[in-house]
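# Survey of secondary and tertiary structure
So you can see what is in the structure, the chains are spelled out below.
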Amino acid sequence: MATGPARRRKSSAHPVRAAVPCLALMVATSASAQSLTADLFNPVRGKFVAAADLPLRKIGGDATDASDATPDPDSDVRRRPAPSRIGQVPTYGLPAASGAADTGYDSLNRIRKQPKYHPGQTKPKPPPGPGSPPPAPPQLTATGQLRLSVPPSETANKPPVPPAVAGTMAGQPARKRLKLDDDPFGAVGDYAGSFLVKSAVELSGGYDSNPGRTFNPHGLPLYVVAPEFLAVSDWKRHALVADLRGSFTGYGSTLPAAVDGQVNAAPTNIDRPDFTGHVDGRLDVSRDTDLTAQGRLRVSTDNPGSPNIQAWLAKYPIYTTLGGTFGFDQRFNRLQISGGAAVDRTAYQNSTLTDGTTSSNDDRNFNQYGGVGRVSYELTPGVKPFAEVEGDSRVHDLTFDRSGFQRDSSGGYAKAGTSFEFSRILTGELAVGWAERSYVDPRLDRMQGLLTSGSLVWSATPLTTAKFISDTQIAETTLPGGSGVLVHTYTVEVDHDFRRWLTGIGKFTYGTFDYQGVGRDDKTYSVEGDVIYKMTRKLWVKGTVRHDRLDSNLPLSSSAGTLVMLGVRLQN
């Protein structure tokens, strides 16, 4: 029995029979895994096979749920190896300064790094909350009102400017907007040390139909030179202000000494000066205590048409009033108490007559000593009522005047009112009281009358402003038997800006002069219109038309006159 060939055939067929089933199994598995589905063309990594076809999906779960899908091993933080905690000190609770911001200091007093921004990069705005700056206030006009419209100059066609000037260059920080100029044509002034100094002079010329304010008018041309000087201190504490204003009115010729065979009530030479100056100082002793002082000077003449003017005068006699006030201001929260003592000296020059002789005016010279006290209480930031009392004594150089009367007197006033400010639309002060004055000479009646004083400013519109001024005075007189003059003056003024460079002003003044003891009553009316053309900050052109009228209950004492002037104002 042959065994060789059969043994070889048996050993060679066994590996073949084992490889055939394995190859068939591989083909079947490969064909099952590479079956063509809709996910075969999905470009997302790991998404070639749908979640429902995964062989290792959760049994009984929703294969379509996104939570059952196999996550990306690179994006799943749970598959990343955890950091080793060997040798690390464990931290329990919330560490100190773990919630601090990225800038400034934290609770451990460590400096945080400031964020760095690229050039031109906009910095983020801090969120609103405690510590944030308040929003910028709305723009206001020159009178303090809300701007209702944009000026035409801001929207007009303008020549192009470089981007660096216009603020449009890339990366350029935002430019700070300049404050709106309240008075674009006002004087700027110069600094002299710590003082802001402003000066101006007005030169005007025109014609006056009745410069002497007499019953029979006689017109003359005139010129006016009016300088001004203002100096204001720029100190953190204390204050010092000097305000000096003057004028000189000159005429090209003189008036006749007699008119229609009668003595002219006006001097032949009617040139006259006028000056008003005062220097005010304040010394801040403490937060609630101030010491105040004022020095004042007044140089003028009697008003044209006044009955105090002597007959046959060659020119107006000039009088000078020099004085000062020293006082204090004490504040107790909303309560304020003010007081002061005043001393004034009034002296007249000798009168020059048309015949070349002189007449003394020493009987008109006097000294005045007085004091004033005021108490006010601030009810609200805009309303502050007050009460004021003043008393003074006048002592003349001569015991008897030219008519044989003793002019020494004592008197004063008491008034009550309030100052107010309603949203900058209506501001000012009003007061009503009573004034009296008694004379040493029993032949002179006591002076007494109602006292009114006030100063109101009403900003009707951003372009229109109305003013009201009232004043009461007890003046001296030289009329025989006359105690004095009780003067009431009321002025209404309206200013309107047609343009920022063109302003119109209308003014009306009404006054009463009560000469007590002689039965004379005068009433004055004055209507004035001004037009101001502001060419530059340094040069203005001004035109004025004014009509004055005096009505008296005595015959041949009334007068009327019209004044027309055109001039320029130079200021710095």
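Preceding block: the structure.
The structure presented is a predicted model; accordingly, all values stated were derived computationally and were not measured. (Residues numbered from 1 in each chain as written. Predicted model: local features only at pLDDT ≥ 70, side-chain atom pairs only at ≥ 80, totals over all residues. Heavy atoms only, no water.)

### Overview of the nonpolar core
Convention followed: Nine residue types can take part in a nonpolar core, namely buried Ala, Val, Leu, Ile, Met, Phe, Trp, Tyr and Cys, and a core is a set of them joined through side-chain atoms within 4.5 Å. For every residue, the accessible area (1.4 Å probe, protein chains only) is compared with the maximum for its type, and the residue is labelled buried under 20%, exposed over 50%, or partly exposed between those bounds. Numbering of helices and strands runs from the N terminus, with a helix taken as a DSSP run of H or I at least four residues long and a strand as a DSSP run of E at least two residues long. Contacts: residue pairs with any heavy atoms within 4.5 Å of one another.
Leu220, Leu222, Tyr251, Leu255, Ile270 and Met565 are the most contacted members of the largest nonpolar core, which totals 13 residues. Taken together, the elements giving at least two residues each to this core come down to strand 3 (220-233) and strand 23 (559-571). Counting residues per element, this core draws most heavily on strand 3, which supplies three residues. Ignoring sequence-local partners within four residues, the contact set of Tyr251 consists of Asp208, Pro211, Leu220, Pro221, Leu222, Tyr223, Ile270, Asp271 and Arg272.

### A closer look at the side chain of Asn264
Spelled out, the test is: Under the rule applied, a polar contact is a pair of N or O atoms within 3.5 Å (in protein, one hydrogen donor and one hydrogen acceptor; residues adjacent in sequence only if both atoms are side-chain atoms).
Among the structural elements, Asn264 can be located in the loop between strand 6 (262-263) and strand 7 (272-284). Only 2.9 Å separates the side chain of Asn264 from the backbone oxygen of Pro256, close enough to count as a polar contact. If sequence neighbours within four positions are ignored, Asn264 has contacts with Thr214, Leu255, Pro256, Ala257, Ala258 and Val259.

### Considering a nonpolar patch on the surface
Here is the rule we go by: Like-charged residues within 9 Å of one another, or nonpolar side chains (Val, Leu, Ile, Met, Phe, Trp, Tyr) within 5 Å, are grouped into patches, provided each residue has over 30% relative accessible area and no salt bridge. Every accessible area reported is derived by Shrake-Rupley at a probe size of 1.4 Å, with residue values counting cover from the shown protein chains alone. Any Lys or Arg side-chain nitrogen found within 4 Å of a carboxyl oxygen on Asp or Glu counts as a salt bridge.
A surface patch of nonpolar side chains, amounting to about 450 Å² of accessible area, comprises Leu203, Tyr223, Val225, Phe248, Val568 and Leu570. Those elements giving two or more residues to the nonpolar patch turn out to be strand 3 and strand 23. Here Tyr223 lies in strand 3. Among the residues examined, Tyr223 registers a relative accessible area of 39% and is labelled partly exposed.

### Section: the side chain of Glu528
Threshold: We treat Lys and Arg as the positive residues and Asp and Glu as the negative residues; His and chain ends play no part in the count.
Within the secondary structure, Glu528 sits in strand 21 (residues 520-534). No salt bridge is formed by the buried Glu528; the nearest opposite charge belongs to Lys507, separated by 4.2 Å. In this view, Glu528 contacts Ile505, Gly506, Lys507, Thr544, Val545 and Arg546; residues no more than four positions away in its chain are not counted.

### Some remarks on the pairing of strand 9 (residues 318-332)
Counted only if it meets this: If DSSP finds at least two bridges between two strands, the strands pair.
The sheet contact formed by strand 8 (residues 289-301) and strand 9 spans 13 bridges and is antiparallel. Counterpart to Thr301 in the pairing with strand 9 is Ile318.

### Regarding the pairing of strand 23
Within a regular beta strand, the side chains point alternately toward one face of the sheet and then the other, so they alternate between its two faces. The alternating pattern of strand 23 places Ser559, Gly561, Leu563, Met565, Gly567, Arg569 and Gln571 on a buried face and Ala560, Thr562, Val564, Leu566, Val568 and Leu570 on a face that is not buried. Of the strand pairs in this sheet, strand 2 (residues 195-208) and strand 23 are connected by nine bridges, and their pairing is antiparallel. Looking at the pairing, Asp208 lines up with Leu563 of strand 23. Looking at chain direction, strand 22 (residues 539-552) and strand 23 are connected through 12 bridges and run antiparallel. Bridge pairing in strand 23 links Arg546 to Leu563. The antiparallel pairing of strand 22 with strand 23 creates a hairpin that spans six residues between the two strands, and Leu556 there sits at a positive phi of about 60 degrees.

None of the figures reported here should be taken as evidence of function without further support.
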